[in-house]
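Observations on the model geometry
Here are the chains, one letter per residue:
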Amino acid sequence: MSSGIEIQHLSKQYEKKTILHDINLKFEPKTIYGLLGRNGAGKSTLLGLISDRIFPTQGRILFNAEMIHDNDQILGQFYLMSEVDLYPNRRRVRQLFRDTEQLYGEFNRKYADELVKKFGLDDSSQYGKLSTGYRTIVKLIIALCVPATYIFLDEPVLGLDANHRDIFYRELVETYTERPRTFVISTHLIEEIANLIEQVVVIKSGRVLVDDSSEALIAESYAITGPKNVVDSFVSGLNVIGSETLGNLKAAYVFGALDDRPIPDVITIEHMDLQKLFVNLTNEEETQNDAL
Amino acid sequence: MQFDFNSTDPLYRQVAAQIEDAIFSGSFSEGSQVPSTTEISKEFHINPATVLKGMNLLVDQGLVEKRRGLGMFVTRGAQETIREDRRNQFFSNDVQKLVAEAKQLALSADEVLSLVKRGYEEHE
(Lines give C-alpha, C1' and ligand atoms only; values in the text may rest on other atoms or scores of the structure.)
Protein backbone atom coordinates (compact mmCIF):
# COMPACT_ATOMS: atom_id res chain seq x y z
CA MET A 1 0.00 0.00 0.00
CA SER A 2 1.41 3.34 -0.98
CA SER A 3 1.28 6.27 1.41
CA GLY A 4 0.53 9.80 0.40
CA ILE A 5 -1.60 11.14 -2.40
CA GLU A 6 -1.78 9.23 -5.62
CA ILE A 7 -3.35 10.74 -8.72
CA GLN A 8 -4.27 8.25 -11.42
CA HIS A 9 -5.18 9.10 -15.01
CA LEU A 10 -6.85 12.30 -13.95
CA SER A 11 -8.56 14.41 -16.60
CA LYS A 12 -10.76 17.46 -16.30
CA GLN A 13 -12.86 19.02 -19.02
CA TYR A 14 -15.02 22.11 -18.88
CA GLU A 15 -17.65 21.87 -21.59
CA LYS A 16 -15.45 20.62 -24.42
CA LYS A 17 -12.21 22.22 -23.29
CA THR A 18 -9.62 19.90 -21.74
CA ILE A 19 -7.96 21.60 -18.76
CA LEU A 20 -6.04 18.57 -17.47
CA HIS A 21 -5.15 15.50 -19.45
CA ASP A 22 -4.18 12.10 -18.00
CA ILE A 23 -2.34 13.37 -14.92
CA ASN A 24 -0.41 10.76 -12.94
CA LEU A 25 1.37 12.08 -9.86
CA LYS A 26 2.29 11.19 -6.31
CA PHE A 27 2.63 13.51 -3.34
CA GLU A 28 4.62 11.82 -0.60
CA PRO A 29 4.36 12.64 3.11
CA LYS A 30 6.60 15.29 4.72
CA THR A 31 7.96 16.73 1.50
CA ILE A 32 8.03 20.26 0.08
CA TYR A 33 6.91 20.35 -3.55
CA GLY A 34 6.96 23.12 -6.12
CA LEU A 35 4.02 22.98 -8.53
CA LEU A 36 5.07 25.10 -11.47
CA GLY A 37 3.32 26.11 -14.64
CA ARG A 38 2.50 29.18 -16.67
CA ASN A 39 -0.79 31.01 -16.34
CA GLY A 40 -3.62 28.74 -17.44
CA ALA A 41 -1.53 25.56 -17.35
CA GLY A 42 -4.04 23.90 -15.01
CA LYS A 43 -2.34 24.20 -11.60
CA SER A 44 -5.32 25.67 -9.76
CA THR A 45 -7.66 23.14 -11.35
CA LEU A 46 -5.39 20.33 -10.15
CA LEU A 47 -5.33 21.74 -6.62
CA GLY A 48 -9.12 22.14 -6.70
CA LEU A 49 -9.48 18.49 -7.70
CA ILE A 50 -7.13 17.25 -4.99
CA SER A 51 -9.09 19.11 -2.34
CA ASP A 52 -12.37 17.76 -3.77
CA ARG A 53 -13.75 21.23 -4.47
CA ILE A 54 -14.29 20.25 -8.09
CA PHE A 55 -14.63 16.78 -9.57
CA PRO A 56 -12.69 14.96 -12.25
CA THR A 57 -14.08 14.06 -15.67
CA GLN A 58 -11.94 10.92 -15.60
CA GLY A 59 -9.48 9.23 -13.28
CA ARG A 60 -9.23 9.20 -9.52
CA ILE A 61 -7.33 10.51 -6.54
CA LEU A 62 -6.33 8.21 -3.70
CA PHE A 63 -4.94 8.92 -0.25
CA ASN A 64 -3.24 5.97 1.43
CA ALA A 65 -5.03 3.84 -1.17
CA GLU A 66 -8.49 5.20 -0.31
CA MET A 67 -10.59 7.39 -2.59
CA ILE A 68 -10.60 10.98 -1.38
CA HIS A 69 -13.96 11.90 -2.90
CA ASP A 70 -16.48 12.80 -0.20
CA ASN A 71 -14.21 11.26 2.41
CA ASP A 72 -14.28 13.85 5.20
CA GLN A 73 -11.70 12.06 7.27
CA ILE A 74 -9.17 12.31 4.47
CA LEU A 75 -10.15 15.79 3.33
CA GLY A 76 -9.68 17.05 6.89
CA GLN A 77 -6.00 16.30 6.47
CA PHE A 78 -5.77 18.51 3.38
CA TYR A 79 -5.80 22.27 3.38
CA LEU A 80 -5.95 24.39 0.26
CA MET A 81 -5.05 28.04 0.43
CA SER A 82 -6.19 29.51 -2.86
CA GLU A 83 -6.24 32.87 -4.57
CA VAL A 84 -9.99 32.96 -4.27
CA ASP A 85 -11.31 34.85 -1.25
CA LEU A 86 -13.70 32.58 0.59
CA TYR A 87 -14.04 34.65 3.72
CA PRO A 88 -16.89 37.06 4.45
CA ASN A 89 -15.63 40.64 4.17
CA ARG A 90 -17.14 41.83 7.45
CA ARG A 91 -15.70 39.01 9.55
CA ARG A 92 -12.81 40.06 11.78
CA VAL A 93 -9.47 38.29 11.39
CA ARG A 94 -9.61 36.93 14.94
CA GLN A 95 -13.06 35.47 14.26
CA LEU A 96 -11.75 33.81 11.10
CA PHE A 97 -9.15 32.03 13.22
CA ARG A 98 -11.90 30.85 15.58
CA ASP A 99 -14.07 29.71 12.65
CA THR A 100 -11.17 27.67 11.31
CA GLU A 101 -10.59 26.12 14.72
CA GLN A 102 -14.23 25.02 14.85
CA LEU A 103 -14.09 23.60 11.35
CA TYR A 104 -10.84 21.69 11.80
CA GLY A 105 -11.29 20.90 15.48
CA GLU A 106 -7.82 22.23 16.19
CA PHE A 107 -5.83 25.35 15.40
CA ASN A 108 -2.41 26.46 16.61
CA ARG A 109 -3.52 29.72 18.25
CA LYS A 110 -0.19 30.39 19.89
CA TYR A 111 1.64 30.19 16.57
CA ALA A 112 -1.09 32.26 14.88
CA ASP A 113 -0.57 35.02 17.48
CA GLU A 114 3.17 34.91 16.89
CA LEU A 115 2.68 35.20 13.15
CA VAL A 116 0.22 38.08 13.55
CA LYS A 117 2.95 39.98 15.42
CA LYS A 118 5.73 39.04 12.99
CA PHE A 119 3.73 40.16 9.96
CA GLY A 120 2.43 43.27 11.74
CA LEU A 121 -1.19 42.26 11.07
CA ASP A 122 -4.09 43.92 12.91
CA ASP A 123 -6.22 40.93 13.82
CA SER A 124 -9.11 43.06 15.03
CA SER A 125 -9.56 44.40 11.51
CA GLN A 126 -12.36 43.23 9.22
CA TYR A 127 -11.12 40.89 6.49
CA GLY A 128 -12.62 43.00 3.70
CA LYS A 129 -10.83 46.13 4.89
CA LEU A 130 -7.36 44.58 4.58
CA SER A 131 -5.03 45.23 1.64
CA THR A 132 -4.41 42.44 -0.90
CA GLY A 133 -1.10 41.65 0.79
CA TYR A 134 -2.63 41.35 4.26
CA ARG A 135 -5.49 39.20 2.96
CA THR A 136 -2.86 36.83 1.63
CA ILE A 137 -1.13 36.96 5.02
CA VAL A 138 -4.36 36.02 6.84
CA LYS A 139 -4.79 33.04 4.53
CA LEU A 140 -1.15 32.07 5.00
CA ILE A 141 -1.39 32.20 8.78
CA ILE A 142 -4.45 29.96 8.65
CA ALA A 143 -2.67 27.54 6.30
CA LEU A 144 0.33 27.28 8.65
CA CYS A 145 -1.79 26.83 11.79
CA VAL A 146 -4.35 24.23 10.72
CA PRO A 147 -3.65 20.63 11.81
CA ALA A 148 -3.71 19.33 8.19
CA THR A 149 -0.74 17.26 7.01
CA TYR A 150 -1.01 18.19 3.32
CA ILE A 151 -1.00 21.93 2.73
CA PHE A 152 -1.56 23.28 -0.77
CA LEU A 153 -0.51 26.86 -1.29
CA ASP A 154 -1.78 28.43 -4.50
CA GLU A 155 0.15 31.68 -5.04
CA PRO A 156 1.06 32.07 -1.35
CA VAL A 157 3.01 35.31 -1.79
CA LEU A 158 0.51 37.20 -3.92
CA GLY A 159 0.76 40.91 -3.09
CA LEU A 160 3.40 40.40 -0.38
CA ASP A 161 6.36 42.79 -0.29
CA ALA A 162 9.94 41.49 -0.10
CA ASN A 163 10.07 41.66 3.71
CA HIS A 164 6.83 39.77 4.17
CA ARG A 165 7.91 37.14 1.64
CA ASP A 166 11.13 36.69 3.59
CA ILE A 167 9.15 36.19 6.81
CA PHE A 168 6.93 33.63 5.06
CA TYR A 169 9.85 31.55 3.73
CA ARG A 170 11.51 31.55 7.16
CA GLU A 171 8.32 30.55 8.91
CA LEU A 172 7.69 27.83 6.35
CA VAL A 173 11.05 26.27 7.24
CA GLU A 174 10.43 26.77 10.95
CA THR A 175 7.01 25.14 11.01
CA TYR A 176 8.08 22.39 8.59
CA THR A 177 11.03 21.50 10.84
CA GLU A 178 8.87 21.50 13.93
CA ARG A 179 6.08 19.44 12.41
CA PRO A 180 7.15 17.93 9.11
CA ARG A 181 4.25 17.78 6.66
CA THR A 182 3.75 18.08 2.94
CA PHE A 183 3.61 21.50 1.33
CA VAL A 184 2.74 21.90 -2.32
CA ILE A 185 3.61 25.43 -3.39
CA SER A 186 2.39 26.88 -6.63
CA THR A 187 4.07 30.19 -7.42
CA HIS A 188 5.46 32.30 -10.23
CA LEU A 189 8.38 33.49 -8.09
CA ILE A 190 10.43 30.40 -8.82
CA GLU A 191 13.80 31.85 -7.87
CA GLU A 192 12.61 32.50 -4.33
CA ILE A 193 11.52 28.93 -3.66
CA ALA A 194 14.05 27.12 -5.87
CA ASN A 195 16.21 26.04 -2.93
CA LEU A 196 13.30 25.35 -0.61
CA ILE A 197 11.53 22.72 -2.65
CA GLU A 198 12.69 19.15 -2.72
CA GLN A 199 10.50 17.94 -5.59
CA VAL A 200 9.38 19.76 -8.70
CA VAL A 201 6.25 19.19 -10.77
CA VAL A 202 5.91 21.19 -13.97
CA ILE A 203 2.58 21.33 -15.75
CA LYS A 204 2.26 22.58 -19.29
CA SER A 205 -1.05 22.85 -21.14
CA GLY A 206 -2.75 20.42 -18.77
CA ARG A 207 -0.07 17.73 -18.88
CA VAL A 208 2.73 16.78 -16.50
CA LEU A 209 5.97 17.79 -18.17
CA VAL A 210 8.37 17.18 -15.28
CA ASP A 211 8.10 15.26 -12.01
CA ASP A 212 11.48 14.86 -10.30
CA SER A 213 13.68 16.05 -7.44
CA SER A 214 15.15 19.55 -7.81
CA GLU A 215 18.61 18.11 -7.42
CA ALA A 216 18.17 15.63 -10.26
CA LEU A 217 16.61 18.28 -12.49
CA ILE A 218 19.42 20.77 -12.04
CA ALA A 219 21.98 18.00 -12.51
CA GLU A 220 20.69 17.28 -15.99
CA SER A 221 20.07 20.85 -17.13
CA TYR A 222 22.90 22.44 -19.03
CA ALA A 223 23.66 25.84 -20.50
CA ILE A 224 26.26 25.45 -23.25
CA THR A 225 27.91 28.66 -24.35
CA GLY A 226 30.45 29.43 -27.07
CA PRO A 227 30.86 30.32 -30.75
CA LYS A 228 27.62 29.58 -32.61
CA ASN A 229 28.89 26.92 -35.02
CA VAL A 230 30.79 25.01 -32.32
CA VAL A 231 27.80 25.03 -29.97
CA ASP A 232 25.46 23.95 -32.76
CA SER A 233 27.56 20.95 -33.70
CA PHE A 234 28.16 20.02 -30.05
CA VAL A 235 24.45 19.94 -29.18
CA SER A 236 23.28 18.13 -32.30
CA GLY A 237 21.26 15.09 -31.25
CA LEU A 238 20.78 16.39 -27.70
CA ASN A 239 17.49 17.56 -26.21
CA VAL A 240 17.83 21.31 -26.83
CA ILE A 241 14.97 23.16 -25.14
CA GLY A 242 15.97 26.71 -25.97
CA SER A 243 18.75 29.02 -27.02
CA GLU A 244 19.91 32.61 -27.00
CA THR A 245 22.32 34.30 -29.37
CA LEU A 246 24.32 37.47 -29.04
CA GLY A 247 26.22 38.14 -32.25
CA ASN A 248 28.26 35.01 -32.88
CA LEU A 249 27.95 33.90 -29.27
CA LYS A 250 25.35 31.25 -28.59
CA ALA A 251 23.94 29.71 -25.44
CA ALA A 252 22.05 26.46 -26.00
CA TYR A 253 19.94 25.02 -23.19
CA VAL A 254 19.95 21.25 -22.95
CA PHE A 255 17.72 19.11 -20.75
CA GLY A 256 18.93 15.53 -20.35
CA ALA A 257 22.22 13.69 -20.35
CA LEU A 258 25.13 14.96 -22.47
CA ASP A 259 26.53 11.45 -23.18
CA ASP A 260 30.29 11.11 -23.56
CA ARG A 261 30.89 13.39 -26.50
CA PRO A 262 34.19 15.31 -26.33
CA ILE A 263 33.89 18.91 -25.12
CA PRO A 264 35.61 21.49 -27.34
CA ASP A 265 37.91 23.96 -25.47
CA VAL A 266 36.02 27.03 -26.63
CA ILE A 267 32.68 26.15 -25.06
CA THR A 268 31.70 26.36 -21.41
CA ILE A 269 29.15 24.09 -19.79
CA GLU A 270 27.22 25.13 -16.72
CA HIS A 271 24.05 23.99 -15.03
CA MET A 272 20.91 26.04 -15.47
CA ASP A 273 19.03 27.16 -12.40
CA LEU A 274 15.41 26.10 -11.92
CA GLN A 275 13.96 29.38 -13.18
CA LYS A 276 15.92 29.24 -16.43
CA LEU A 277 15.01 25.59 -16.91
CA PHE A 278 11.34 26.34 -16.33
CA VAL A 279 11.27 29.29 -18.75
CA ASN A 280 12.87 27.22 -21.49
CA LEU A 281 10.72 24.14 -20.88
CA THR A 282 7.47 26.06 -20.94
CA ASN A 283 8.24 28.52 -23.72
CA GLU A 284 5.32 28.30 -26.17
CA GLU A 285 7.16 29.75 -29.17
CA GLU A 286 9.85 27.16 -28.92
CA THR A 287 7.32 24.35 -29.09
CA GLN A 288 5.63 25.83 -32.10
CA ASN A 289 8.97 26.15 -33.86
CA ASP A 290 9.74 22.53 -33.07
CA ALA A 291 6.42 21.47 -34.51
CA LEU A 292 7.12 23.17 -37.84
CA MET B 1 28.21 34.76 7.95
CA GLN B 2 27.78 35.40 4.27
CA PHE B 3 26.57 32.71 1.91
CA ASP B 4 26.93 33.13 -1.80
CA PHE B 5 25.05 30.63 -3.91
CA ASN B 6 26.10 31.28 -7.45
CA SER B 7 28.08 28.28 -8.46
CA THR B 8 26.45 25.42 -10.29
CA ASP B 9 27.55 22.69 -7.88
CA PRO B 10 24.74 20.73 -6.22
CA LEU B 11 23.27 22.86 -3.47
CA TYR B 12 24.22 20.55 -0.58
CA ARG B 13 27.86 20.73 -1.68
CA GLN B 14 27.67 24.50 -1.75
CA VAL B 15 26.27 24.51 1.76
CA ALA B 16 29.15 22.27 2.91
CA ALA B 17 31.71 24.43 1.07
CA GLN B 18 30.43 27.62 2.68
CA ILE B 19 30.62 26.15 6.17
CA GLU B 20 34.07 24.75 5.42
CA ASP B 21 35.20 28.23 4.36
CA ALA B 22 33.88 29.68 7.60
CA ILE B 23 35.76 27.05 9.60
CA PHE B 24 38.95 27.64 7.63
CA SER B 25 38.80 31.41 8.07
CA GLY B 26 38.14 30.93 11.79
CA SER B 27 34.65 32.45 11.68
CA PHE B 28 33.49 29.16 13.19
CA SER B 29 36.36 28.37 15.54
CA GLU B 30 37.35 24.88 16.66
CA GLY B 31 35.18 23.57 19.45
CA SER B 32 32.47 26.13 18.79
CA GLN B 33 28.96 25.36 17.71
CA VAL B 34 27.97 25.78 14.07
CA PRO B 35 24.51 27.20 13.31
CA SER B 36 21.80 24.54 13.34
CA THR B 37 20.33 23.06 10.19
CA THR B 38 17.11 24.96 10.88
CA GLU B 39 18.90 28.27 11.36
CA ILE B 40 20.74 27.87 8.07
CA SER B 41 17.61 26.77 6.21
CA LYS B 42 15.62 29.68 7.57
CA GLU B 43 18.25 32.26 6.85
CA PHE B 44 18.90 31.19 3.27
CA HIS B 45 15.55 29.63 2.33
CA ILE B 46 17.06 26.23 1.70
CA ASN B 47 15.28 22.93 2.24
CA PRO B 48 16.31 21.49 5.64
CA ALA B 49 17.06 18.10 4.06
CA THR B 50 19.54 19.76 1.70
CA VAL B 51 21.29 21.56 4.55
CA LEU B 52 21.43 18.33 6.52
CA LYS B 53 22.99 16.53 3.57
CA GLY B 54 25.68 19.24 3.39
CA MET B 55 26.25 19.00 7.13
CA ASN B 56 26.62 15.22 6.92
CA LEU B 57 29.28 15.67 4.27
CA LEU B 58 31.28 17.71 6.81
CA VAL B 59 30.71 15.05 9.47
CA ASP B 60 32.09 12.43 7.06
CA GLN B 61 35.13 14.62 6.48
CA GLY B 62 35.64 14.89 10.23
CA LEU B 63 35.25 18.67 10.26
CA VAL B 64 32.16 18.84 12.46
CA GLU B 65 30.74 16.43 14.99
CA LYS B 66 27.32 15.89 16.39
CA ARG B 67 26.90 16.18 20.13
CA ARG B 68 23.67 14.53 21.06
CA GLY B 69 21.03 17.00 22.17
CA LEU B 70 23.36 19.96 21.73
CA GLY B 71 23.99 20.32 18.02
CA MET B 72 26.92 20.40 15.62
CA PHE B 73 30.40 21.50 16.71
CA VAL B 74 33.65 22.21 14.86
CA THR B 75 36.11 19.42 15.66
CA ARG B 76 39.60 19.98 17.07
CA GLY B 77 42.09 20.05 14.22
CA ALA B 78 39.44 20.87 11.61
CA GLN B 79 41.35 23.90 10.34
CA GLU B 80 44.51 21.84 9.89
CA THR B 81 42.56 19.11 8.08
CA ILE B 82 41.16 21.69 5.65
CA ARG B 83 44.58 23.28 5.12
CA GLU B 84 46.16 19.92 4.31
CA ASP B 85 43.33 19.02 2.00
CA ARG B 86 43.57 22.30 0.16
CA ARG B 87 47.34 22.05 -0.15
CA ASN B 88 46.90 18.67 -1.76
CA GLN B 89 44.47 20.17 -4.24
CA PHE B 90 46.60 23.25 -4.86
CA PHE B 91 48.71 21.62 -7.53
CA SER B 92 45.90 19.93 -9.43
CA ASN B 93 43.45 22.81 -9.16
CA ASP B 94 45.47 26.01 -9.23
CA VAL B 95 49.00 25.35 -10.44
CA GLN B 96 47.94 23.41 -13.50
CA LYS B 97 45.45 26.11 -14.45
CA LEU B 98 48.14 28.76 -13.99
CA VAL B 99 50.59 26.86 -16.17
CA ALA B 100 48.00 26.31 -18.92
CA GLU B 101 47.19 30.02 -18.97
CA ALA B 102 50.90 30.97 -18.85
CA LYS B 103 51.62 28.73 -21.84
CA GLN B 104 48.84 30.36 -23.82
CA LEU B 105 50.46 33.71 -23.04
CA ALA B 106 53.88 32.30 -24.09
CA LEU B 107 55.39 32.85 -20.63
CA SER B 108 58.38 30.67 -19.66
CA ALA B 109 58.62 28.87 -16.32
CA ASP B 110 61.25 31.39 -15.15
CA GLU B 111 59.07 34.32 -16.12
CA VAL B 112 56.13 32.79 -14.24
CA LEU B 113 58.36 32.18 -11.19
CA SER B 114 59.46 35.79 -11.11
CA LEU B 115 55.84 36.89 -11.43
CA VAL B 116 54.93 34.61 -8.54
CA LYS B 117 57.74 36.17 -6.46
CA ARG B 118 56.47 39.63 -7.31
CA GLY B 119 53.02 38.53 -6.28
CA TYR B 120 54.37 37.39 -2.91
CA GLU B 121 56.10 40.73 -2.39
CA GLU B 122 53.07 42.79 -3.24
CA HIS B 123 50.63 40.67 -1.30
CA GLU B 124 50.66 41.23 2.41
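Residues numbered from 1 in each chain as written. Chains lettered and ligands numbered in written order. Predicted model: local features only at pLDDT ≥ 70, side-chain atom pairs only at ≥ 80, totals over all residues. Heavy atoms only, no water.

Some words on the interface of chain B and chain A
Listed by partner, the interface residues are 13 residues for chain B and 16 residues for chain A. Both sides together, the interface formed by chain B and chain A hides about 1400 Å², and carbon and sulfur atoms give 53% of it. Where chain B touches chain A, the interface holds three salt bridges. The partner of Glu43(B) in a salt bridge is Arg170(A), and the shortest N-O contact between them spans 3.3 Å. Inspection of the region where chain B meets chain A yields six residue pairs in polar contact (both at pLDDT 80 or more). Those elements that place two or more of their residues in the side of chain B that touches chain A are helix H1 (11-24), helix H2 (37-44) and helix H3 (48-60) of chain B. In terms of residue count, the dominant contributor to the side of chain B that touches chain A is H2(B) (four residues). (Contact = heavy atoms within 4.5 Å. Buried area = accessible area lost by both parts, 1.4 Å probe. Salt bridge = Lys/Arg side-chain N within 4 Å of Asp/Glu carboxyl O. Polar contact = N/O pair within 3.5 Å; in protein donor to acceptor, adjacent residues only side chain to side chain. Helix = DSSP H or I, 4+ residues; strand = E, 2+ residues; numbered from the N terminus.)

Considerations on the packing of H2(B) against H3(B)
Residue and element names in this part refer to chain B. Where H2 meets H3, the axes come as close as 9 Å, and the angle between the chain directions of the two elements is 125 degrees. As far as their axial angle goes, H3 and H2 are oblique. By crossing handedness, the relation of H2 to H3 is classed as right-handed. For the pair H2 and H3, the contacting residues are Thr37, Ile40 and Ser41 in the first and Pro48, Val51, Leu52 and Met55 in the second. A class-by-class count of the residues in the contact of H2 with H3 yields five nonpolar, two polar and no charged. (Axes fitted to C-alpha atoms, helices over the stretch in contact; angles between N-to-C directions. Parallel < 35°, antiparallel > 145°, perpendicular 65-115°, else oblique. Left-handed = near helix turned anticlockwise from the far one by under 90°. Nonpolar A, V, L, I, M, F, W, Y, C, P; charged D, E, K, R; others polar.)

A look at the domain arrangement of chain A
Residue and element names in this part refer to chain A. Taken domain by domain, chain A holds domain 1 (5-205) and domain 2 (221-282). Counting from both sides, the interface comprises 10 residues of domain 1 and, opposite them, five residues of domain 2. Between domain 1 and domain 2 the total buried area reaches about 780 Å² when both faces are included, carbon and sulfur atoms providing 75% of it. Contact with domain 2 buries surface across domain 1, with Arg38, Ile190 and Lys204 losing the most and accounting together for 51% of the total. (Domains from an automatic or database assignment.)

Side note on a nonpolar patch on the surface
On the surface, Leu98(B), Val116(B) and Tyr120(B) cluster together into a nonpolar patch covering about 330 Å² of accessible area. Judged by relative accessible area, which is 68%, Tyr120(B) ranks as exposed. (Patch = residues over 30% accessible without salt bridge, like charges linked within 9 Å, V, L, I, M, F, W, Y side chains within 5 Å. Areas by Shrake-Rupley, 256 points an atom, 1.4 Å probe, with all protein chains shown as cover. Buried < 20%, exposed > 50% of the residue type's maximum accessible area, 1.4 Å probe, protein only.)

Observations concerning the pairing of strand E1 (residues 64-67) of chain B
In the case of a regular strand, side chains alternate between the two sheet surfaces. Pairing of E1(B) with strand E2 (residues 71-74) of chain B, which is carried by four bridges, proceeds in the antiparallel orientation. Residue pairing in the sheet places Glu65(B) in a bridge with Phe73(B) of E2(B). (Pairing = 2+ DSSP bridges.)

Section: unusual backbone geometry
Backbone phi values are negative for most residues with the exception of glycine, while trans is the configuration of most peptide bonds. Residues and elements named next belong to chain A. The phi angle at aspartate 70 is positive, at roughly 60 degrees, despite the residue not being glycine. Note that aspartate 70 resides in the loop between strand E5 (66-67) and helix H2 (72-75). One non-glycine residue with positive phi stands out, namely glutamate 155, at about 55 degrees. With respect to the secondary-structure elements, glutamate 155 resides in the loop between strand E7 (150-154) and helix H6 (162-178).

Description of the sheet that holds strand E2 (residues 17-27) of chain A
Residue and element names in this part refer to chain A. The four strands lie next to each other as E2-E1-E4-E5, forming an open sheet whose pairing is antiparallel. Either end of the sheet is taken by a strand with one partner, and the two such strands are E2 and E5. Where strand E1 (residues 5-14) lies against E2, seven bridges are found, and the strand directions are antiparallel. Each bridged residue has a counterpart across the sheet, and for leucine 10 the counterpart in E2 is isoleucine 23.

Overview of the pattern of salt bridges
Applying the stated rule across the entire model yields 18 salt bridges over all chains. Each of Glu114(A), Lys118(A) and Glu171(A) takes part in one network of salt bridges that share partners.

Brief notes about the side chain of Ser51(A)
Residues and elements named next belong to chain A. With respect to the helices and strands, the residue serine 51 is situated in the loop between helix H1 (43-50) and strand E4 (58-63). On the basis of relative accessible area, serine 51 is assigned to the buried category, the value being 14%. In terms of polar contacts, serine 51 uses its side chain to reach the backbone carbonyl oxygen of leucine 47, at 2.7 Å. Sequence-distant contacts of serine 51, defined by excluding residues within four places in its chain, comprise Leu75 and Leu80.

So, the domain arrangement of chain B
All names here are of chain B. Domain parsing of chain B yields domain 1 (11-76) and domain 2 (79-122). For domain 1 versus domain 2, the separation of C-alpha centres amounts to 30 Å. In total, about 680 Å² of surface goes out of reach between domain 1 and domain 2, with carbon and sulfur atoms giving 54% of it. The interface formed by domain 1 and domain 2 contains two salt bridges. With its nearest N and O atoms 2.9 Å apart, the salt bridge here joins arginine 86 to glutamate 20. Applying the counting criterion to the domain 1 and domain 2 interface returns four residue pairs in polar contact (both at pLDDT 80 or more). Looking at the side of domain 1 that touches domain 2 residue by residue, the class counts come to three nonpolar, three polar and three charged.

Digging into the UniProt feature "domain: ABC transporter" (unreviewed entry) in chain A
In this numbering, the UniProt entry assigns the feature "domain: ABC transporter" (unreviewed entry) to residues 5-230 of chain A. Segment residues 5-230 of chain A splits into 35% helix and 31% strand. End C-alpha atoms: 46 Å apart. (UniProt positions renumbered as here; feature names shortened; annotations may be inferred.)

Observations regarding the environment of Leu121(A)
Residues and elements named next belong to chain A. Mapped onto the fold, leucine 121 is located in the loop between helix H4 (109-119) and helix H5 (132-145). Placed 92 residues apart in sequence, leucine 121 and proline 29 show a C-alpha to C-alpha distance of 31 Å. Among all residues touching leucine 121, those that are not within four sequence positions of it are Val93, Val116, Leu130, Tyr134, Ile137, Val138 and Ile141.

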